[in-house]
Amino acid sequence: MRANDDSGTDAGADLLPAGAARRRVLFASLVGTTIEFFDFYIYATAAVLVFPALFFPAADPASATLQSLATFALAFFARPVGSALFGHFGDRVGRKATLVAALLTMGVSTVAIGLLPTYAQIGVAAPALLALCRLGQGLGLGGEWGGAVLLATENAPPHRRAWYGMFPQLGAPIGFFMATGIFLLLTAGMEAEAFFSWGWRVPFLASAVLVGVGLWVRLRIQETPAFRRVLAGQQRVRLPMAEVLLRHPRALLVGTVLALATFVLFYLMTVFALSWGTSRLGYTREQFLWLQMVGVVCFAATIPLAALYADRFGRRRAMILATLAIFAFGLFFAPLFVAGDPSAVLLFLVLGLALMGLTYGPVGTLLAGQFPAAVRYTGASLAFNLAGIFGASLAPYIATWLAGRYGLQSVGWYLCGAALLTLAALLAAPRQEAEAASRGPRQRDGAHAA
């Protein structure tokens, strides 16, 4: 099978939505990932600020934080399972129905966290239930991301796939902005005792409203043109996971490693930075969250810039340049992330999160193009979420351990190492897409969408 057998060729141009239908598709891809990442990030924030005290109080503060970050990592190990489960139905039943199920899975798990009793109320059962809900979040997000990217890119004209593919990617900074904003409002508007008693539950329970909005939007969209062509051509495979593992192992390996630095960078700039900045560098929780909010604005701003560049010059080239910049940033990690200088920390967060946007903008479209439509949901989701295991699940934990034992610059070397691995994968990725990007839309139709 060709990797781009139907991802927007003239043969299926008559199936592409137009006008209001196209805008509805893009909004559906954006709103779903915004909700999913909002849910994911409120857990990440609470894992640093709340859960160590409420769910792991028997340990000393440092150990409690590490235990809390370990539950944070659980979701990344559940995400490939979610990729396989939802990917199977996404490639067999369709993108639309599967995306609805993934959103429900994530939403129910998040609301349940807001209802959990704490360690003081039920003892060790509390962190066990927290871990179970976190696994549910991972399953839902494992099925969400790939479907949202396909919803956008499989409805895109050939010469605008990166632009369409960046809409679900925008859900990450928007979700983070909303999650951080609500925690800032809560901590600023109530006493610490009230926040730790019940205030921290508000973001998790409020997720129910967002999920309702997301479901309403997604139930109004149609199936993607690419999947309708799969159905019309009777191209569905019985076991998409087996097809990916047996017939597309190289694409899976390359896809996993090319997203590695993206994950490492983001979770160093968010979870690790928040934890280290508030526990070791002396910044207050509110002060550091405000600095992160400014950085996230830059994250959101560079995603569309990267998409425009990728559509003009090629997604592979855009990712290579961003990865080289990430390596350079790792060299200056410690000199910028210092105590007593908020302006330096702001520059640190702005640079790091702006680079995150440059790599995150094209990565979804680049991953989707590695696999044919019949197994694209499974393949792209699995590659993305395996990258999450190796690049993000343990990143805050590893970084905390490295910084405590070898100093903060060791975290920068860790980031540099991830960038080198990603660069190697990008150089090993097919070159056809990068060459096709400089030709006209009709000429590009025969090129691989790598």
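What you are looking at is a predicted structure, and each value in this text was computed from that prediction instead of being measured.

Moving on: the overall build of the chain. A count of helical and extended segments in the chain gives 22 helices and zero strands. For a compact globule of 450 residues, the expected C-alpha radius of gyration is about 22 Å, and the chain comes in at 21 Å, within 12% of that figure. Referenced to the eigenvectors of the C-alpha coordinate spread, the extents of the chain come out at roughly 60 × 40 × 40 Å. Counting across all 450 residues of the chain, residues that qualify as buried make up 62%.

Let us look at the environment of S197. By the secondary structure assignment, S197 is in helix α8 (residues 192-199). According to the relative accessible area criterion, S197 is partly exposed, its value standing at 46%. Taking the C-alpha atoms as reference points, S197 and L54, 143 residues apart in sequence, are found 9.1 Å from one another.

The next thing to look at is the packing of aromatic side chains. Any pair of aromatic rings gets described here by the distance separating the centres and the angle formed by the planes. In this structure the tally under the stated criterion is 27 aromatic pairs. Judged by centre distance (6.1 Å) and plane angle (85 degrees), the ring pair of F55 and W200 falls under edge-to-face. Pair noted here: F55 is in helix α2 (residues 51-55) and W200 is in the loop between α8 and α9 (201-218), with a separation of 145 residues, a long-range link. You can call W200 buried: its relative accessible area is 0%. Through a chain of ring-to-ring contacts, the aromatic side chains of Y41, F176, F266, Y267, F299 and Y360 assemble into a single cluster. Over the aromatic face of F313 sits the side chain of R312, whose NZ or CZ is 4.9 Å from the ring centroid.

Every buried residue belonging to helix α12 (residues 249-258) is among A251, L252, V254, G255, T256 and L258, and all of these are buried. On the buried face of α12, the contacting elements are α11 (240-247), α13 (260-279), α15 (315-331), α17 (342-368), α18 (376-393) and α20 (409-428).

To continue, consider the nonpolar core. As a rule of thumb, soluble globular proteins bury nonpolar side chains together. Counting residues in hydrophobic clusters, the biggest one holds 135 residues, and the most contacted among them are F51, Y267, F272, F333, F337 and Y360. Element by element, the count of residues in this core is highest for helix α1 (residues 20-49), at 17 residues. Those residues within four positions of F337 in sequence are excluded, and the remaining contacts are F272, A273, W276, G277, L281, F288, V345, F348 and L408.

On to the packing of helix α7 (residues 161-189) against α17. Remark: α7 packs on α17, axes separated minimally by 8 Å, with the N-to-C direction vectors making an angle of 120 degrees. Relative to α17, the element α7 is oriented oblique. Two packed elements cross with a definite hand, and for α7 against α17 that hand is right-handed. Mapping the contact onto sequence places R161, A162, G165, M166, Q169 and A172 in α7 and Y360, G361, V363, G364 and T365 in α17. Taken together, the residues that form the contact of α7 with α17 break down as five nonpolar, five polar and one charged.

Before going further, it helps to examine the environment of V209. By the element assignment, V209 lies in helix α9. Overall, the relative accessible area of 59% leaves V209 in the exposed class. C-alpha of V209 to C-alpha of L49: the two residues are 160 residues apart in sequence and 24 Å apart in space.

As a further point, take the pattern of salt bridges. Inspection of every chain in the model, using the stated rule, returns three salt bridges. The partner of E144 in a salt bridge is R218, and the shortest N-O contact between them spans 2.6 Å. Here E144, found in helix α6 (residues 125-153), pairs with R218, found in helix α9; they are 74 residues apart in sequence, far enough to count as distant. Taking the relative accessible area as the measure of exposure, E144 reaches 0% and is therefore buried. The exposure class assigned to R218 is buried, which follows from its relative accessible area of 1%. With a closest N to O distance of 3.7 Å, R285 and E286 form a salt bridge.

For helix α14 (residues 285-313), built from 29 residues, the straight-helix expectation of 42 Å at 1.5 Å per residue is met to within 8% by its first-to-last C-alpha distance of 41 Å. Looking one or two residues beyond α14, the residue adopting positive phi is G314, at roughly 115 degrees.

Looking now at the packing of α12 against α18. Interhelical geometry of α12 versus α18 gives an angle of 45 degrees and a closest axis separation of 8 Å. Comparing the axis directions of α12 and α18 gives the class oblique. Viewed along their axes, α12 and α18 form a crossing whose handedness is right-handed. Along its contact with α12, which presents L252, G255 and T256, the element α18 presents G379, L382, A383, L386, A387 and F390. The residue inventory of the contact of α12 with α18, partitioned by class, reads six nonpolar, three polar and no charged.

The residue S381 is located in helix α18 in this model. Looking at S381, the relative accessible area reads 0%, which means it is buried. A distance of 2.7 Å separates the side chain of S381 from the backbone oxygen of Y377, its partner in a polar contact. Discounting residues that sit within four places of it in the chain, S381 has contacts with S83, G142, G146, G147 and R376.

Calculation criteria
Residues numbered from 1 in each chain as written. Predicted model: local features only at pLDDT ≥ 70, side-chain atom pairs only at ≥ 80, totals over all residues. Heavy atoms only, no water. Helix = DSSP H or I, 4+ residues; strand = E, 2+ residues; numbered from the N terminus. Rg over C-alpha atoms; globule rule 2.2 N^0.38 Å. Buried < 20%, exposed > 50% of the residue type's maximum accessible area, 1.4 Å probe, protein only. Phe/Tyr/Trp six-rings, centres within 6.5 Å; stacked < 30°, edge-to-face > 60°. Lys NZ or Arg CZ within 6 Å of the ring centre and 35° of its normal. Contact = heavy atoms within 4.5 Å. Core = buried A, V, L, I, M, F, W, Y, C linked by side-chain atoms within 4.5 Å. Axes fitted to C-alpha atoms, helices over the stretch in contact; angles between N-to-C directions. Parallel < 35°, antiparallel > 145°, perpendicular 65-115°, else oblique. Left-handed = near helix turned anticlockwise from the far one by under 90°. Nonpolar A, V, L, I, M, F, W, Y, C, P; charged D, E, K, R; others polar. Salt bridge = Lys/Arg side-chain N within 4 Å of Asp/Glu carboxyl O. Expected span 1.5 Å × (residues − 1). Polar contact = N/O pair within 3.5 Å; in protein donor to acceptor, adjacent residues only side chain to side chain.

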